There are 2 protein chains.
Amino acid sequence: MVIEEVPRRRADAVTETAATGRALPHPDREHIRLESVLHALSDPMRLQIVRELAAKEAELTCSQFDLPVTKSTTTHHFRVLRESGVVRQVYRGTAKMNGLRRDDLESLFPGLLDSVLAAADRQAARLGDTGRVPADG
Amino acid sequence: MVIEEVPRRRADAVTETAATGRALPHPDREHIRLESVLHALSDPMRLQIVRELAAKEAELTCSQFDLPVTKSTTTHHFRVLRESGVVRQVYRGTAKMNGLRRDDLESLFPGLLDSVLAAADRQAARLGDTGRVPADG
DNA sequence: GATCTCGTACGATGGTCATCGAAGAAGTCC
DNA sequence: GGACTTCTTCGATGACCATCGTACGAGATC
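Residues numbered from 1 in each chain as written. Chains lettered and ligands numbered in written order. Predicted model: local features only at pLDDT ≥ 70, side-chain atom pairs only at ≥ 80, totals over all residues. Heavy atoms only, no water.

**Student:** What's the story with the pairing of strand S2 (residues 87-92) of chain A in this structure? I'm lost.
**Tutor:** Side-chain direction in a regular strand flips from residue to residue, so the side chains alternate between the two faces of the sheet. Relative to strand S3 (residues 95-100) of chain A, S2 of chain A is paired through 6 bridges, and the arrangement is antiparallel. Within S3 of chain A, the position partnered with Arg-92 of chain A by the bridge is Ala-95 of chain A. (Pairing = 2+ DSSP bridges. Helix = DSSP H or I, 4+ residues; strand = E, 2+ residues; numbered from the N terminus.)

Structure, rendered in structure tokens:
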């Protein structure tokens, strides 16, 4: 289980209080498996997360996503995304920032992420579904 | 469940004895879901099938694939691929021909299949793995 | 330090899935 | 018709997975 500590760049606007102790295990770029990525993206909830992440083009906290599931389930989905190599998670104080691993994915599987995102957009448009689940009531 | 009978072209070298009674349910193009396609492709066995199918650029019978699983399991995987809309299956006598639904997928999700196939090739090359599972013994 | 927010960990649950083996159905060939 | 090939169907099984609720941990704020 050779997993890096994820130092690598991305240490520019990060405050000192961030990433103090809690380190999150990420797969190294070379350990990202296509099957795992596809599996991660094949869940509607996770695909939705990735779409929002790509649309915002910024790091978002877990709680900024308006998912129709509990916090536990949200944690689960983010972990699947992280462990498959799709997102990078970094603690910033009590919040956990989530960022798409565009560079790594692009390097490993050129065009794949964009194809999937475009496909998701097309399908959402086609089905008149933005991916958002309507509130009950 | 509006599912076509799959007549559509591809009726050129087909003998009359083929496709007599047994019809296989395929999702109509508009019913193909991205999540299902990604899920179908996220299984190593099925990804391997799709890769071979794409490489050969021809319709292949189920038994032409050298998969390290039993026939039952093979049937299962081909059904998942068919029901997700990735492959088209047609009976030809006792054999069942499998063809990639390139046109449908390309129309729905442009570039997606090629991205996945390219990604699979890259990964196979990178891991020194052709996707083929070594025979035990 | 008390409290609040944000996320984690654990156990449980119901569902899906990949796999197998055995028995059967459909077509072809002698 | 009988044997052979090809794929299916069924039941079983063990694994994984999405989901929840509750309890907890780590920072931030007052």
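Right, picking up where we left off after that structure.
**Student:** So what exactly am I meant to see when it comes to the nonpolar core here?
**Tutor:** Soluble globular proteins tend to bury their nonpolar side chains together. Of all hydrophobic cores here, the largest spans 60 residues; its most connected members are Val-86 and Phe-109 of chain A together with Val-86 and Phe-109 of chain B. For Phe-109 of chain B, the residues in contact, after removing those within four places along its chain, are Ala-119 and Gln-123 of chain A together with Ile-32, Arg-33, Leu-34 and Val-37 of chain B. (Core = buried A, V, L, I, M, F, W, Y, C linked by side-chain atoms within 4.5 Å. Buried < 20%, exposed > 50% of the residue type's maximum accessible area, 1.4 Å probe, protein only. Contact = heavy atoms within 4.5 Å.)

**Student:** Hey, could you run me through the side chain of Ser-115 of chain B in this one?
**Tutor:** By the secondary structure assignment, Ser-115 of chain B is in helix H5 (residues 112-126). The residues contacting Ser-115 of chain B, other than those within four sequence positions of it, are Pro-110, Gly-111, Leu-112 and Ser-115 of chain A.

**Student:** Please clarify how the interface of chain A and chain B should be interpreted in this entry.
**Tutor:** When the parts of a complex come together, some accessible area is lost, and that lost area is often taken as the interface size. Counting residues at the interface gives 25 residues for chain A and 25 residues for chain B. Together, the buried faces of chain A and chain B total about 2,200 Å²; carbon and sulfur atoms form 60% of this surface. By the criterion of area lost to chain B, the three top residues of chain A are Glu-35, Leu-38 and Gln-123 of chain A, representing 23% of everything that side buries. Inspection of the chain A/chain B interface yields 0 salt bridges. One can count 12 residue pairs in polar contact (both at pLDDT 80 or more) joining chain A with chain B. Within the residue set of the side of chain A that touches chain B, elements represented by two or more residues are helix H1 (34-41), helix H2 (44-56), helix H4 (102-108) and helix H5 (112-126) of chain A. In terms of residue count, H5 of chain A provides more of the side of chain A that touches chain B than any other element does, 8 residues in total. (Buried area = accessible area lost by both parts, 1.4 Å probe. Salt bridge = Lys/Arg side-chain N within 4 Å of Asp/Glu carboxyl O. Polar contact = N/O pair within 3.5 Å; in protein donor to acceptor, adjacent residues only side chain to side chain.)

**Student:** Where do I start with the protein's contact with DNA strand C in this structure?
**Tutor:** Around DNA strand C, the surrounding shell holds 25 residues, and the nearest of these are Thr-75 and Lys-96 of chain A together with Arg-46, His-76 and His-77 of chain B. Near the protein, meaning within 4 Å, the atoms of DNA strand C are sugar or phosphate in a fraction of 68%, with bases accounting for the rest. Thr-94 of chain A is positioned such that a nitrogen or oxygen atom in its side chain is 3.0 Å from a sugar or linking oxygen of DNA strand C. Measuring from a phosphate oxygen of DNA strand C, one finds a side-chain N or O atom of His-77 of chain B at 2.2 Å. Sorting the residues of the surface near DNA strand C by element identifies helix H3 (71-84) and S3 of chain A together with helix H2 (44-56) and helix H3 (71-84) of chain B as the ones contributing at least two each. (Near = heavy atom within 4 Å.)

**Student:** Please clarify how the confidence of the model for chain A should be interpreted in this entry.
**Tutor:** It should be kept in mind that the predicted coordinates are not to be read in detail where pLDDT is low. Residue and element names in this part refer to chain A. Averaged over every residue, the pLDDT of chain A is 81; residues scoring 70 or more account for 78%. At the low end of the mean pLDDT range in chain A sits strand S1 (residues 60-61), at 86; at the high end sits H1, at 98. Note on residues 1-20: pLDDT under 50 across the span, and 18 contacts to partners over four residues away in sequence or across chains. (pLDDT = per-residue confidence, 0-100.)

**Student:** Teacher, can you tell me more about the sheet that holds strand S3 (residues 95-100) of chain B here?
**Tutor:** Sheet strands line up and pair through hydrogen bonds in the backbone, either parallel or antiparallel. Residues and elements named next belong to chain B. One open sheet accounts for 3 strands, arranged S1-S3-S2; its pairing is antiparallel. Of all strands in the sheet, those bounded by a partner on one side alone are strand S1 (60-61) and strand S2 (87-92). In this sheet, S3 lies alongside S1 in antiparallel orientation, the contact comprising 2 bridges. When the bridges of S3 are listed, Leu-60 appears paired with Asn-98.

**Student:** Explain the protein's contact with DNA strand D to me, please; I cannot follow it from the model alone.
**Tutor:** Close contacts around DNA strand D come from 24 residues, with His-76 and His-77 of chain A together with Thr-75, Thr-94 and Lys-96 of chain B the closest. Backbone atoms, meaning sugar and phosphate, make up 67% of the atoms of DNA strand D lying within 4 Å of the protein. Take His-76 of chain A: an N or O atom from its side chain is 2.5 Å from a phosphate oxygen of DNA strand D. Between His-77 of chain A and DNA strand D, the recorded distance is 2.2 Å, taken from a side-chain N or O atom to a phosphate oxygen. For the surface near DNA strand D, the secondary-structure elements that each account for two or more residues are H2 and H3 of chain A together with H3 and S3 of chain B. Of the residues assigned to the surface near DNA strand D, the class counts are 5 nonpolar, 14 polar and 5 charged. (Nonpolar A, V, L, I, M, F, W, Y, C, P; charged D, E, K, R; others polar.)

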